[in-house]
Structure formats: structure tokens, C-alpha cells
Amino acid sequence: ETGVTQSPTHLIKTRGQQVTLRCSSQSGHNTVSWYQQALGQGPQFIFQYYREEENGRGNFPPRFSGLQFPNYSSELNVNALELDDSALYLCASSSRDRNTEAFFGQGTRLTVV
Amino acid sequence: AQTVTQSQPEMSVQEAETVTLSCTYDTSESNYYLFWYKQPPSRQMILVIRQEAYKQQNATENRFSVNFQKAAKSFSLKISDSQLGDTAMYFCAFITNTPLVFGKGTRLSVIA
């Protein structure tokens, strides 16, 4: 167990809908990164939050947005869902100040129909 | 561009044997960290081993060891005495001043 918890574990949404995924970071960590992992692929970086501010973004459109809260937990929001958004969404918790490795949650499997 | 290449999409190994997974990467940075992550069917990405680029000594973690060749930008993972529980996807990744960059993974099957 890494101490990083994601919810929900599975989700089915309809094209055009909006979704919110949640992640609680490991105690002592102040950085949360979100990754999208399509079937048969490695994780792709979406964005990172450090002390409640977005601190880097991958090649994802603005309909992917996020938040980080004072307790360092985080949300990933996706608007106007598309079929290609179907993937495993991984949250990773780390401490930027100590440059430690990232600890991952178990992921949220999103299916868009 | 910073990239990671895993040239073996799938591999298999007999239980108790040794297997080596390959990884090459490309970065212009001199300071970085390299990782191997394991992703079993449960989906959780689990850190297997980590290597600091400034250390010449290869990292070892129980049955797992790496062969880090900095000049060649190569970072292979050796699994000794393979066990059925090692069956999983294995991802090579590195981090510099950017978030983790992952390869596409190698699916390892350990056969009884």
C-alpha cells in the first residue's frame, strides 16, 4: 500500500458528459501528478500540482483541468468527454522538495460510451 | 525531446530463471533519476528499483538489479530467480526537472 487513494475505481460516462476524479496524496507529500494510461500504453503526463498551483502540463487540451487542495489532495476534471478519453487515470504523489520517487494510486478506469 | 524506449513488448521466462528487460532513454539533462515500475493486473504502479544518474554503482534490490550505462543511455532490469508473482507489465521511466517520462512497457510472463 502506498497511501495514495483514488476514487472511484471504475466509472462509465457518456460522450459529452463531465467527470471528476479524486486523489488523496501520501502523508508528507506536496506534489500530485496525473497520468492517462491508454490500453497497452505507458502513462502519459497530464499535469502536475505543487502547493495548490499547476506546475507543468502535458499535451492535453484545456478541457482537462485540475485542482489541488490545502491538504494536497487533488481532483482531475474532464469536460465534454470523448470516446478517446477512455483510459486508466493514475495519480502520483511525491515530494518535490526532496525529489523522491512518485507513489501511485490504484487508478480510476474511465470508460466513455 | 525526452523519450524512453522499451524494445521488447512481451517476454516470458521460466520460473526460477533469470530475465533481462531492456530500456534506452534520451535526455540532454545530466542529473536525473531512473526507475523501473511494475504494474500487475491490479493496476497499481509499484516501484521496483531506482537509480540516480550521478551514481556509477548499479542499484540492487533483492532479486532485482540494473545495468546502468550512462554514456549509452541504457538502463536494463535483471530479475533473478523469477517468481510467478513477477508476472506483470514493467515500465522504465526517468525524471529530470519534468515529471516522469515512461516507456510503453514490457509484458513479462513467468511460466511455471
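Residues numbered from 1 in each chain as written. Chains lettered and ligands numbered in written order. Predicted model: local features only at pLDDT ≥ 70, side-chain atom pairs only at ≥ 80, totals over all residues. Heavy atoms only, no water.

**Concerning the overall build of chain B**
- A count of helices and strands for chain B gives zero helices and twelve strands.
- Taken from the N to the C terminus, the helices and strands of chain B come in the order β-β-β-β-β-β-β-β-β-β-β-β.
- In summary, chain B has a C-alpha radius of gyration of 13 Å against a globular reference of 13 Å for 112 residues, a match within 12%.
- Counting only C-alpha atoms, chain B reaches 40 × 25 × 20 Å along its principal axes. (Helix = DSSP H or I, 4+ residues; strand = E, 2+ residues; numbered from the N terminus. Rg over C-alpha atoms; globule rule 2.2 N^0.38 Å.)

**Re the environment of A:Val4**
- Along the chain, A:Val4 turns up in the segment before β1 (5-7).
- Taking the C-alpha atoms as reference points, A:Val4 and A:Glu82, 78 residues apart in sequence, are found 27 Å from one another.

**Observations concerning the nonpolar core**
- Ranked by size, the top nonpolar core spans 26 residues in total, and within it B:Tyr25, B:Trp36, B:Phe75, B:Leu77 and B:Tyr90 carry the most contacts.
- Residue assignment for this core shows that the elements contributing at least two residues are β3 (19-21), β5 (33-39), β6 (46-52), β8 (64-69), β9 (74-79), β10 (88-95) and β12 (106-111) of chain B.
- Per-element accounting of this core gives the leading share, four residues, to β10(B).
- With residues near it in sequence (within four places) discarded, B:Tyr90 still touches B:Gln6, B:Leu21, B:Trp36, B:Tyr37, B:Lys38, B:Val48, B:Phe64, B:Leu77, B:Ile79, B:Gly105, B:Thr106 and B:Leu108.
- Formed by 20 residues, the second largest nonpolar core is a distinct cluster that contains A:Trp34, A:Phe47, A:Phe64 and A:Cys91. (Core = buried A, V, L, I, M, F, W, Y, C linked by side-chain atoms within 4.5 Å. Buried < 20%, exposed > 50% of the residue type's maximum accessible area, 1.4 Å probe, protein only. Contact = heavy atoms within 4.5 Å.)

**A few points about the interface of chain B and chain A**
- At the junction of the two partners, chain B supplies 16 residues and chain A supplies 23 residues.
- In total, about 1600 Å² of surface goes out of reach between chain B and chain A, with carbon and sulfur atoms giving 52% of it.
- The largest contributions to the chain B side of the interface with chain A come from B:Arg43, B:Gln44 and B:Pro99, which together make up 38% of the buried area.
- Inspection of the region where chain B meets chain A yields zero salt bridges.
- Put simply, chain B and chain A have eight residue pairs in polar contact (both at pLDDT 80 or more) between them.
- Elements represented by at least two residues in the side of chain B that touches chain A include exactly β5 and β6 of chain B. (Buried area = accessible area lost by both parts, 1.4 Å probe. Salt bridge = Lys/Arg side-chain N within 4 Å of Asp/Glu carboxyl O. Polar contact = N/O pair within 3.5 Å; in protein donor to acceptor, adjacent residues only side chain to side chain.)

**Looking at unusual backbone geometry**
Residue and element names in this part refer to chain A.
- Look at the link from Ser7 to Pro8: it is a cis peptide, with omega at -10°.
- When you line up the elements, Pro8 lands in the loop between β1 and β2 (10-13).
- Even without a glycine there, the phi angle at Arg51 is positive, about 50°.
- Note that Arg51 resides in the loop between β5 (44-50) and β6 (53-57).

**Some words on the pairing of β6(B)**
- Where β5(B) and β6(B) come together, six bridges link them in antiparallel fashion. Counted as the bridge partner of B:Trp36 is B:Ile49 from β6(B). (Pairing = 2+ DSSP bridges.)

**Quick word on the sheet that holds strand β7 (residues 64-68) of chain A**
All names here are of chain A.
- The strand order across the open sheet formed by four strands is β1-β3-β8-β7, and the pairing between neighbours is antiparallel. In this open sheet, the two strands that pair with only one neighbour each are β1 and β7. On average, adjacent strands in this sheet sit at an angle of 15° to one another, irrespective of strand direction.
- Bridging between β7 and strand β8 (residues 74-78) involves five bridges; their strand directions are antiparallel. When the sheet's bridge partners are listed, Ser65 is paired in β8 with Asn77. (Axes fitted to C-alpha atoms, helices over the stretch in contact; angles between N-to-C directions.)

**Describing the state of the cysteines**
All names here are of chain B.
- Taken as a whole, this structure holds two disulfides over all chains when the rule is applied.
- Across the disulfide, Cys23 is cross-linked to Cys92 (sulfur-sulfur distance 2.0 Å). With the S-S dihedral at roughly -65°, the linkage between Cys23 and Cys92 falls on the left-handed side. With Cys23 in the loop between β3 and β4 (24-26) and Cys92 in strand β10, this residue pair connects regions lying 69 residues apart in the sequence. (Disulfide = S-S within 2.5 Å.)

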